[in-house]
Structure formats: C-alpha cells, structure tokens
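Descriptive analysis of the structure
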There are 2 protein chains.
Amino acid sequence: MKKNTNQTYDTGCPVAFALRMFGDQWTLLVIRDMAVKGARTYSELLDGGEGISTNILAQRLKQLEENGLVSKTRDPENWRSFLYALTDKGRDLAPVLAEIILWSGKYNHGDNAMTDTLQKVRRDRSGFEESIRNGAVP
Amino acid sequence: MKKNTNQTYDTGCPVAFALRMFGDQWTLLVIRDMAVKGARTYSELLDGGEGISTNILAQRLKQLEENGLVSKTRDPENWRSFLYALTDKGRDLAPVLAEIILWSGKYNHGDNAMTDTLQKVRRDRSGFEESIRNGAVP
DNA sequence: CATATCAACTTGCAAAAGGCAAGTTGATAT
DNA sequence: ATATCAACTTGCCTTTTGCAAGTTGATATG
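This structure is a prediction, so every number in the text was calculated from the model and none was measured. (Residues numbered from 1 in each chain as written. Chains lettered and ligands numbered in written order. Predicted model: local features only at pLDDT ≥ 70, side-chain atom pairs only at ≥ 80, totals over all residues. Heavy atoms only, no water.)

1. Regarding the UniProt feature "domain: HTH hxlR-type" (unreviewed entry) in chain A
When the UniProt feature table is mapped onto this chain numbering, "domain: HTH hxlR-type" (unreviewed entry) sits at residues 13-112 of chain A. For the annotated span residues 13-112 of chain A, helix accounts for 54% and strand for 10% of the residues, and the straight-line distance between the end C-alpha atoms is 36 Å. (UniProt positions renumbered as here; feature names shortened; annotations may be inferred. Helix = DSSP H or I, 4+ residues; strand = E, 2+ residues; numbered from the N terminus.)

And the structure:
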C-alpha cells in the first residue's frame, strides 16, 4: 500500500483540481501567451515578457500537454519549429483569465497597469473570450 | 543600481499581477477555505483538507495580509484566537473562484469531483458569489 | 502553587523545485 | 567544412517546501 506523505490525494475540490493543472507561477503565463498574445512556438513563449527560463518552459509545456491543455504539432512550413496551441480544454480557461484580468484591473494601481488587454476585456468581455476560443484549431 | 536577476519587474500584465498575489499552490486554497468553507482561524485553515503545513500557512497568511486580501483581528470571545477574514479585495476573487470551479467541473471526471460547491455554482452562480461577498466584514 | 492545555506560530533540517549558463541535435544555408 | 537556428537538455547552485519538534502566554486543573 502506498503511503500518503501529504501528496495530492484528491479531495475532489474543484479549486484544488485546477491548481494541479496551473497552480504555479508560470503555467498560467504560458497559457496567457498562447491565448492572449498568440504565441505559438517555443521561442515566442520563451520571450513571453516575464522571463521564464528555458528548462522551466520545457517542463511546463510537457505538463500542459500531458494534462491536455496544449497540443504540439510540427510546423508544416518550418521543419525546425513545433507549433504549440491551446486545446479546447485550454481555451476554456478564457473566462478564468477574463476574471483574473478584471480583478487585477481593479486592484493594480501601478503605472503601466492599464494594458490593452484590460481595456479589451472591460469593453467587450465576450469578444475577448471568443477571440481566444477562435484560436487556430489544433 | 539594482540588478534585475529576473525578479518580477512589473510588465503591467494583469495576469502576472494577480499571480504575484496568489500564483502558487497554496494561496488560493487558503482563500477558498475562507471564502467557501468559512474558515476563520489558523487551526481551521490548517485543517483545510489539502494538508498545508504550518510554516507555509503562516507565511501565506502574512503575504495575504501584506497584499491586503486578508485581515487579522483578535477574536473578542477567545483571547487565544485570531480571526482571519477576507477583505473586499479578497472577496472580489469570488468570480475567479467561480470560473475556476466551473472549469474544473467540466474537466474533472474523478470519482468525487461533483462537489456541493460545484453544484451550487452551477445552479446559482450569483448566489455563490454573493454568499462570499456577504462574509463578515472585517 | 505546579502542571497541563490550547491556539498560533517559529525553527531546523533534509528534499524538491527553480534559475542560470552552457551544451546538444539535426537539417539547411553559406 | 562551417555556421545557423529552434528546441531542448544538463549541471550546478540557490531558494522554496515539507515535516517534525519546539516556543509562548494566558487560563484551567489538581
């Protein structure tokens, strides 16, 4: 019998379930880069803005793939590139992103806090969500 | 001049801002315990279900207080207890929690995935959010 | 009066995760 | 023959976690 040394044994809590998928400092930023910024390759993701390091990015992409949030295919036009894309499961995080963005919009009073994305979500939230859902189909 | 060894220098991204507040494995679970399960004391939070360890809980509560998501007051009825409560800023995460729960409800096909909370959010989402917003005022 | 209790932490140490720089791979372009 | 470029991998050191045990201070107990 396996000893349970704390490790996630499923309590069934939906919040905990979600956190197992993207409950760390980087995963949601990777998703953001794909969903909002349209990043599709490893290089683009690496230059995502927040400075993720290459080993962590590789690890997170692998997890995201394993968890079915992201797909990885060869770029038909570039033998050397792979194309990463959100799956439906990944794109369905759009409402979560939207709420997070709105919350930050309310409470981040920093200088450059008023981003294009925030404005877009405020003005046309369902448009924002749709644009994510209409990302290229894997 | 300070060297920026990666560390969070603000890109202004709302997602990144939010992740600085609760972008780790435990913080959102602590918020969940207060918002959804009504936990108010350190002991209650410690027994939150997922098995957070005491040093981490203490650390997270401190951060949450510093970031203004949680308030800490003495329990007027129990000299030994403190009462932790979500502030408005913390309660405003209700929609984020709701979306996370709905997402998990869609994709968690585990045995005990259909929790009371999920059902409540599905049936009466604004009621769920209101119940969080109506937590005792700090 | 001495001792036990209880909530809320703190401390110490080993283990795991993260960050940084450098190296690898394999097909083209020069 | 050598350089390039995207996508990783590897090694090493630092930081963060996890776990267990200890601390604190006011009451309750004997």
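2. Let's talk about the side chain of Arg 60 of chain A
All names here are of chain A. Within the element layout of this structure, Arg 60 appears in helix α4 (residues 54-66). A residue is classified by how much of its surface remains accessible, and Arg 60, at 13% relative accessible area, is buried. Reaching out from Arg 60, the side chain makes a polar contact with the side chain of Asp 24 at a distance of 2.9 Å. With near-sequence residues (within four places) excluded, Arg 60 lies in contact with Asp 24, Trp 26 and Thr 27. (Buried < 20%, exposed > 50% of the residue type's maximum accessible area, 1.4 Å probe, protein only. Polar contact = N/O pair within 3.5 Å; in protein donor to acceptor, adjacent residues only side chain to side chain. Contact = heavy atoms within 4.5 Å.)

3. With respect to the protein's contact with DNA strand C
Close contacts around DNA strand C come from 21 residues, with Asn 55 of chain A together with Ser 43, Lys 72, Arg 80 and Tyr 84 of chain B the closest. When the atoms of DNA strand C within 4 Å of the protein are sorted by group, sugar and phosphate make up 67%. Take Asn 55 of chain A: an N or O atom from its side chain is 2.6 Å from a base nitrogen of DNA strand C. Here Ser 43 of chain B contributes a side-chain N or O atom positioned 2.5 Å from a phosphate oxygen of DNA strand C. Of all the elements in the fold, those that place two or more residues in the surface near DNA strand C are α4 of chain A together with α3 (42-46), α4 (54-66) and β2 (82-86) of chain B. (Near = heavy atom within 4 Å.)

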